[in-house]
2 protein chains.
Amino acid sequence: MYKVAFDVMGADNGSLVAVEAASKFIKTRKDLYLVFVGNKNEIESGLKKFSIDESRYEILETSEFIDMNGSIMDIRRKRDSSMVRSLELLKDKKVDAMITGGNSAAFIAGSHFILGELPGIARPGFMPTLPTAVDNKLTLLLDVGANLEADIEDIIGYAKMANIYSKSVLKVKNPVIAQLNIGEEKSKGTLLQKEIYKELEANEEINFFGNLEARDILAGKVDIIVTDGYTGNMSLKAFEGASKILMNEIKAQLYKTIFTKLKALTLKKSFNNVSKKFDYKNHSGAILLGVDGIAFKAHGSSDVKSFEATLRMTCNAIENDVLNKIKKGIN
Amino acid sequence: MYKVAFDVMGADNGSLVAVEAASKFIKTRKDLYLVFVGNKNEIESGLKKFSIDESRYEILETSEFIDMNGSIMDIRRKRDSSMVRSLELLKDKKVDAMITGGNSAAFIAGSHFILGELPGIARPGFMPTLPTAVDNKLTLLLDVGANLEADIEDIIGYAKMANIYSKSVLKVKNPVIAQLNIGEEKSKGTLLQKEIYKELEANEEINFFGNLEARDILAGKVDIIVTDGYTGNMSLKAFEGASKILMNEIKAQLYKTIFTKLKALTLKKSFNNVSKKFDYKNHSGAILLGVDGIAFKAHGSSDVKSFEATLRMTCNAIENDVLNKIKKGIN
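The rules we used
Counting starts from 1 at the beginning of each chain's written sequence and moves along it residue by residue. Key to labels: chains lettered from A, ligands numbered from 1, both in the order written. In view of the model being predicted, local features appear only for residues whose pLDDT reaches at least 70, and side-chain atom pairs are presented and counted only at 80 or more, with totals across whole chains, interfaces and linings using the full set of residues. Values shown for side chains rest on all heavy atoms present in the structure; no hydrogens or waters enter the calculation. DSSP bridges decide pairing: two strands pair if at least two such bridges lie between them. A run of H or I in DSSP counts as a helix once it spans at least four residues, and a run of E counts as a strand once it spans at least two, with each numbered from the N terminus. Axes here mean lines fitted to C-alpha atoms, for a helix over just the part in contact, with angles spanning 0 to 180 degrees between N-to-C directions. The contact criterion used is simple: two residues touch if any of their non-hydrogen atoms lie within 4.5 Å. Definition used in this section: a nonpolar core is a set of buried Ala, Val, Leu, Ile, Met, Phe, Trp, Tyr and Cys residues joined via side-chain atoms within 4.5 Å. We call a residue buried when its accessible area falls under 20% of the maximum for its residue type, exposed when it is over 50%, and partly exposed in between, using a 1.4 Å probe and counting protein chains only. By definition here, a salt bridge exists when the distance from a side-chain nitrogen of Lys or Arg to a carboxyl oxygen of Asp or Glu is within 4 Å. Put simply, buried area is the surface a 1.4 Å probe can reach on two separate parts but cannot reach once they are joined, added for both. N or O atoms closer than or at 3.5 Å make up a polar contact, with two conditions inside protein: a donor-capable atom paired with an acceptor-capable one, and, for residues adjacent in sequence, both atoms drawn from side chains. Put simply, Ala, Val, Leu, Ile, Met, Phe, Trp, Tyr, Cys and Pro go in the nonpolar bin, Asp, Glu, Lys and Arg in the charged bin, and everything else, Gly too, in the polar bin. A residue counts toward the fit only if its pLDDT is at least 70 in both copies, and the copies are then superposed by least squares on the C-alpha atoms of those residues. Expected helix span is given by 1.5 Å per residue-to-residue step, counting one fewer step than there are residues.

J.: Can you help me understand the sheet that holds strand S2 (residues 32-38) of chain B in this one?
T.: By definition, the strands of a sheet pair up through backbone hydrogen bonds, in either a parallel or an antiparallel sense. Residue and element names in this part refer to chain B. Ordered by their spatial adjacency, 11 strands build an open sheet running S3-S2-S1-S4-S11-S10-S5-S6-S9-S7-S8, and the pairing between neighbours is mixed. Each end of this open sheet is capped by a strand with a single partner; those strands are strand S3 (57-61) and strand S8 (207-212). Looking at each pair of strands side by side, their axes are set apart by 25 degrees on average, direction ignored. In the sheet, strand S4 (residues 97-100) pairs with strand S11 (residues 294-297) via four bridges, with the strands oriented parallel. Note that in S11 the partner of Thr-100 across the bridge is Lys-297. This element, helix H6 (residues 152-168), spans strand S5 (125-131), strand S6 (138-142), strand S7 (176-180), strand S9 (224-226), strand S10 (286-289) and S11 of the sheet and lies at about 165 degrees to S9.

Dropping the structure here:
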């Protein structure tokens, strides 16, 4: 039985959404046991609405939570917050993994203080699983913002950890790994990027693709893309922005020209399919790779589907024993 | 009469495309005189196909050119290349501006050696004019890759120069300027970005918006976005990639579901409209802001429309005397 601590507080849409997602998802997995962490009244009223078999969960009541506007310091100040308590359950091995949709900065700080980093990893990285233009092909991108800066060791660490994750969880046989850069040639980028290129190229464990430009992040050319958190975050947000603006523009163009309302409804379905495919929020949360525990961050604005996706990713990670594989593999 | 040196060599699609664009564009402006720089035979055979009134142009024959795979060193080695000769015409004030679709790195190096930087500007910046989601609103983004790094002075210089450009060429009264960053809050980003935030905020000449996230680059929220060339390049390419992937995906979705071929043709027009609106290549080239001369870079893969757009932007820059205004304004 896999045990997952689910911090249902602190995300944008309230705890009800998290409970609804859990109630739907748990029906799909017989091997999952949930520990809901947060305000007991809220969780219980959620469970009245979206019932779950009583043998499949428990509630860990906490007196406070860290909200989106909270600071890193809240990890120290709010010892009975749902985030801190969830991380402690994981630290104490009372659960196999934890999920939160709360404050990212607090989550990173809390993971550092409570879980600690794996040997040899100085800076963990947020790693979302991204959909690509190639059907059924997923790409892992990291870091997307756990740390703004990264040195050579960090990037090599990201590559090694993601390599193991891709093999073990996504079942990719020989994952192709690229460095995000402003040009494909070996000579492109900053001094640091040129050094990283050489290291990745020389590393026998790594199936190195070379540099990949930001325009190809979702092209499905590679299995893993490594970069610093600043660049990863910026690129992901640019993609997000472009998608939103383009979809709106295309809708406007089509609706105003040739379509009746009835046809517009049919169109809407097609657009929603595309939106879903490329909205990384609907695919999964991001794992914080490099800390000593399976800790997932759901997007702060997660809806039911997003939380379900994060639960799915979390179960896949536990089931494939990815943390122990990474521990063994990085040294 | 505005005189523009047009280096027609070195772009991906050959000189014929450049000559065609010139022949079309020159009919729209009576005050333009062109100096075609490059291989005389190619230019003349282009002019046979796309005729231009003989009083409106001359040809400066050159024996060589710098191709896309050329290096920065070619600026020194190929003294009779079309790019070097065009820059020299500008340096010697024989023309008011120059345009090239050739090798970017060589163009930046050549501008540095031949034109030199404006007083107080250490690193020039490539500045494209971007379409936005808001009709008729354009946003200037710089640097998009002339230099990978930028310090505080560079970014403040970009802001000041773009401010003058926006007022003078785009006729924006009080341009709103933002810093590209991974979050909107003042406390976000690197140490350097926090320092830049303070400087921009304190600068009385600058109407500072604050930080802008990459997802909002084309949202039309601001008139000018400043950033280092690495980040600007990465974000622009992410946008480009997202657009391409999304458009393909939407087309595939729509075509496979409900539409007949006839309707697909109608749809195609709508898609093309959107593509054109958001493809920055179809809007203009990028001016190299901060060198002592009006020097425009057309995209290497420019088609006729792109070159026409670059010619238009170049004429607008000359007509509004933007270089002298910048020279006066930045000190």
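J.: Hey, could you run me through the nonpolar core in this one?
T.: Side chains of a nonpolar character, in soluble globular proteins, are inclined to be buried together. Counting 89 residues, the largest nonpolar core has Phe-107, Phe-126 and Ile-217 of chain A together with Phe-107, Phe-126 and Ile-217 of chain B as its most contacted members. With residues near it in sequence (within four places) discarded, Phe-107 of chain A still touches Met-83, Leu-87, Met-98, Thr-100, Phe-126, Leu-288, Ala-295, Phe-296 and Lys-297 of chain A.

J.: It is not clear to me how the pattern of salt bridges should be interpreted in this structure. Could you clarify?
T.: Two side chains carrying opposite charge are able to pair once their charged atoms lie near each other. One pass over the full model with this rule turns up 30 salt bridges over all chains. Arg-215 of chain A is the salt-bridge partner of Glu-240 of chain B, the closest N and O atoms lying 3.2 Å from each other. Taken together, the positions of Glu-240 of chain B in helix H8 (residues 229-257) and Arg-215 of chain A in the loop between strand S8 (207-212) and strand S9 (224-226) put the pair across two chains. A relative accessible area of 25% places Arg-215 of chain A in the partly exposed class. Each of Glu-213 and Arg-215 of chain A together with Lys-237 and Glu-240 of chain B takes part in a single network of salt bridges with overlapping partners.

J.: So what exactly am I meant to see when it comes to the interface of chain A and chain B here?
T.: Interface size is commonly expressed as the accessible area that is lost once the parts come together. Counting residues at the interface gives 46 residues for chain A and 45 residues for chain B. Summed over both sides, the interface between chain A and chain B buries roughly 4100 Å², with carbon and sulfur atoms accounting for 74% of that surface. For the pair chain A and chain B, the number of links is four salt bridges. At the junction of chain A and chain B, the tally comes to 12 residue pairs in polar contact (both at pLDDT 80 or more). Looking at the side of chain A that touches chain B, the elements with two or more residues in it are helix H8 (229-257) and helix H9 (261-278) of chain A. Top element by residues in the side of chain A that touches chain B is H8 of chain A. It accounts for 20 residues. A per-class count over the side of chain A that touches chain B returns 23 nonpolar, 14 polar and nine charged.

J.: Would you mind showing me how to read the relation of the copies chain A and chain B here?
T.: Note on the chain copies: they are related by a rotation about an axis and a translation along it. You can overlay chain A on chain B at an RMSD of 0.0 Å; the transform is a turn of 180 degrees with a shift of 0.0 Å along its axis. In the structure described here, the two chain copies are related by an operation that fits a two-fold rotation axis. A shared binding surface is used by both copies, with 98% of the interface residues of chain A retained as interface residues in chain B.

J.: Teacher, can you tell me more about helix H1 (residues 15-26) of chain B here?
T.: Every α-helix winds through 3.6 residues per turn, so residues three or four apart in the chain are directed the same way. Residue and element names in this part refer to chain B. Taking 1.5 Å per residue as the helical rise, H1 with its 12 residues ought to reach 16 Å, and the 16 Å between its terminal C-alpha atoms agrees with that figure. When you tally the buried positions in H1, you get 10 out of 12 residues, the bulk of the element. Residues of H1 that are buried include every one of Ser-15, Val-17, Ala-18, Val-19, Glu-20, Ala-21, Ala-22, Ser-23, Phe-25 and Ile-26, and no others. Check the buried side of H1 and you find it contacts strand S1 (2-7), S2, helix H2 (40-49) and helix H10 (304-319).

J.: In this structure, what is going on with the sheet that holds strand S1 (residues 2-7) of chain A? I would like to understand it.
T.: Residues and elements named next belong to chain A. Taken in spatial order, the 11 strands line up as S3-S2-S1-S4-S11-S10-S5-S6-S9-S7-S8 in an open sheet, and their pairing is mixed. Edge positions in the sheet fall to strand S3 (57-61) and S8, since each of these pairs with one other strand and no more. Strand after strand, the sheet turns through a mean of 25 degrees between neighbouring axes, direction not considered. Relative to S8, strand S7 (residues 176-180) runs parallel, the two sharing five bridges. Its bridge partner being in S8, Gln-179 is matched across the sheet by Asn-211. Across the sheet, helix H2 (residues 40-49) is in contact with strand S2 (32-38) and S3; its angle to S3 comes to roughly 155 degrees. Where helix H6 (residues 152-168) meets the sheet, its contacts fall on strand S5 (125-131), strand S6 (138-142), S7, S9, strand S10 (286-289) and strand S11 (294-297), and the angle it forms with S9 comes to roughly 165 degrees.

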